[in-house]
Structures are given as C-alpha cells and as structure tokens.
Amino acid sequence: MDRAFLVAEPTMGKRIVRAKRKIAAAGIAYRVPRAEELPERLEAVLRVAYLIFNEGYSASAGTVLVRGELCAEAIRLQRLLAELLPEEAEVWGLLALMLLHDARRASRVSDGGDWVALTEQDPSTWDRDRTAEGVGALTRALRLGAPGPYQLQAAVTALHMKGVEEGATDWPRMAHLYGVLAGLDPSPVVALNRAAAVGFAEGPERGLALLGPLLRHPALSGYPPLHATHADLLGRSGDPAGAAEAYRRAIALSTNDVERAELRRRLGRSA
C-alpha cells in the first residue's frame, strides 16, 4: 500500500517506526473511542478502509492484479461503518465507490491473466447485485446533502460504467466532476485523473497542458499511472516516440507483473 501514499517503502517504514516510538514515549493507551468521538476520527478510518480496498483492487506488487480477499474485507468493514454511522454521507459514498469497483472485479483480468481495461470489459459480466447496491449507497449518500470526495469518485465511476454500457462516455461531464473533486481534494492523483479526463473531453493537447506540472511533482515521480497517462496523451497527440519513452518509464517503475505486461502491450501497440 506504500504506492497509495505516493512514497517509497523505506520512507513508509520510517514513518511507522516514528509513529510507534511517539506512541510509546507518550504512553498512549489503546481504547475503543466513545460513540460521540467517532465522527471526528472518521476521515482517517475511511482513508485506511479505502487503502485496504485499493490494495485488493489493484495490487501494488506481485503476480496478480486483484486480491479479492482484501476487497471483500474492506467492503465488510465499510458496511459496518454504515451501520454505526448511518447519517454520514461519506461513509455511504465510500461504500458506493467500493461496490461499484468491486462489481467489475471478475472482468478486470482475462481468463489468460491479462489486464482488461474498463472500456474493453463486457458489461454483461459485471455483478448486477453489487452494482445495484453501489448505486443505492450513492443515492443514499447524496440525499444526506453533504457532498464529499468519496461520493464524487463514486459518481465518476458510475458515469464511466454507464458510458461503457451505452458505448459512449460523457467525457465533458467526467472532466467537470473531476474538477469539482479537485476543489474538495486537491491531491496530485486527483489532478492526474482530471488531466486524463480533460484529454478525452477537450483533446490530448489540453490534457498534456494539465499534466505538465504533475510530471515535475516529486510525489508522482515514481507513480506508474502518471507515465502511462503521459504516454497515452502523447500517442494521441501524434508523438509516438515520446509515448514509447513514457511507456518505458512506466514499465520500469511498475512492480506488478500484470500491470507491467499491459504496459508492454501498449508500448508495442504505440510503435
């Protein structure tokens, strides 16, 4: 999960060691928080739950892309949170996001073990019960009237799935939603996703303009999706040599065998 924090494994290890020492030095005892203390701790809890899910949904290293047991455990924990805090919109938003992604779990890898992009998946293979539950959770979140980043990410995912089902993605709306999300969560990863969406909505040159500052962002220098996105935009803008170089950079940084194989396939296709 170190890649989810956009830091190297040694850096994350040092952070954990420092945190343990601080807890020991301060004599902080473990205790279950009281019910009235739960909301103020919610953001950190949701982040951890999402990190668990992400590591299951797209393993940062190893020979498999998806680790279903982690996805299932994250969803189980998120359902418990929804029972404990039914009036928290972001709890339902994150549950919706997890369920909508997990509905496509079986479709993300082919029978031969190859990566299958969302646009190439067969919607008839998606888990309909999971999808319906996810849409229901998102609807409940929105009705609570407290918009947040997880709800917006779930809305983007639902819109993208609808586009695949209908054969036409509403990229201008996707780009708009990512713009709103960037206002709530101005993280480099959100900015990267927005650049990709804008690249489809307004053209690759516009996407490249937004991507420029991110290529110089120190937190993203070792992040394979940045360079894969750069490669795609360069290829669609008519720069195959630049695209190939960016794909090679993404391949060199990837630590997941399935992801690396997909990047090699794209490199070969861009030549």
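Nothing here was measured: the structure is a model prediction, and the numbers come from that model.

## Regarding the side chain of Thr157
Then step 1. Its location among the elements puts Thr157 in helix α6 (residues 149-166).
Then step 2. With relative accessibility at 9%, the residue Thr157 sits in the buried group.
Then step 3. Beyond its immediate stretch of four places on either side in the chain, Thr157 contacts Leu97, Leu100 and His101.

## Some thoughts on the pattern of salt bridges
Then step 1. Counted by the stated rule, this structure contains eleven salt bridges.
Then step 2. Its salt-bridge partner being Asp257, residue Arg260 comes within 2.5 Å of it at the nearest N-O pair. With a gap of three residues between them, Arg260 and Asp257 both fall in helix α12 (residues 257-270), about one helical turn apart.
Then step 3. Overlapping salt bridges, with partners in common, bring together Asp102, Arg105 and Arg130 in one network.

## Concerning the packing of aromatic side chains
Then step 1. Applying the stated criterion to the full structure yields three aromatic pairs.
Then step 2. Taking 5.8 Å as the distance between ring centres and 15° as the angle between the ring planes, the aromatic pair formed by Phe53 and Tyr57 counts as stacked. Separated by four residues within a single helix, Phe53 and Tyr57 lie in helix α2 (residues 42-57), roughly one turn from each other. For the residue pair Phe53 and Tyr57, the accessibility class agrees, reading buried in each case.
Then step 3. Here the aromatic rings of Trp171 and Phe200 are separated by 4.5 Å at their centres, their planes lie at 15°, and the arrangement is stacked. With a gap of 29 residues between them, Trp171 in helix α7 (residues 171-184) and Phe200 in helix α8 (residues 188-201) connect regions that are remote in the sequence.
Then step 4. The class of Trp171 is buried, set by a relative accessible area of 19%.
Then step 5. Cation over ring: Arg108 sits above Trp115, and NZ or CZ is 5.9 Å from the ring centre.
Then step 6. Seen from the ring of Trp115, Arg266 lies directly overhead, with NZ or CZ sitting 6.0 Å from the centre.

## Quick notes on helix α9 (residues 204-215)
Then step 1. Here α9 spans 15 Å end to end across twelve residues, near enough to the 16 Å set by a 1.5 Å rise per residue.
Then step 2. Those residues of α9 lying buried are Pro204, Gly207, Leu211, Gly212 and Leu214. One side of α9 carries all its buried residues, which in axial view fall inside an arc of 165°.
Then step 3. Residues of α9 that are buried make contact with α8 and α10 (224-236).

## Focus on the environment of Asp114
Then step 1. Residue placement: Asp114 occurs in the loop between α4 (89-102) and α5 (128-143).
Then step 2. For Asp114, a relative accessible area of 48% puts it in the partly exposed group.
Then step 3. Separated by 148 residues in the primary sequence, Asp114 and Glu262 place their C-alpha atoms 7.1 Å from one another.
Then step 4. What Asp114 contacts, discounting residues up to four positions off in sequence, is Arg108, Val109 and Val258.

The rules behind these values
Residues numbered from 1 in each chain as written. Predicted model: local features only at pLDDT ≥ 70, side-chain atom pairs only at ≥ 80, totals over all residues. Heavy atoms only, no water. Helix = DSSP H or I, 4+ residues; strand = E, 2+ residues; numbered from the N terminus. Buried < 20%, exposed > 50% of the residue type's maximum accessible area, 1.4 Å probe, protein only. Contact = heavy atoms within 4.5 Å. Salt bridge = Lys/Arg side-chain N within 4 Å of Asp/Glu carboxyl O. Phe/Tyr/Trp six-rings, centres within 6.5 Å; stacked < 30°, edge-to-face > 60°. Lys NZ or Arg CZ within 6 Å of the ring centre and 35° of its normal. Expected span 1.5 Å × (residues − 1). Arc of directions from axis to C-beta.

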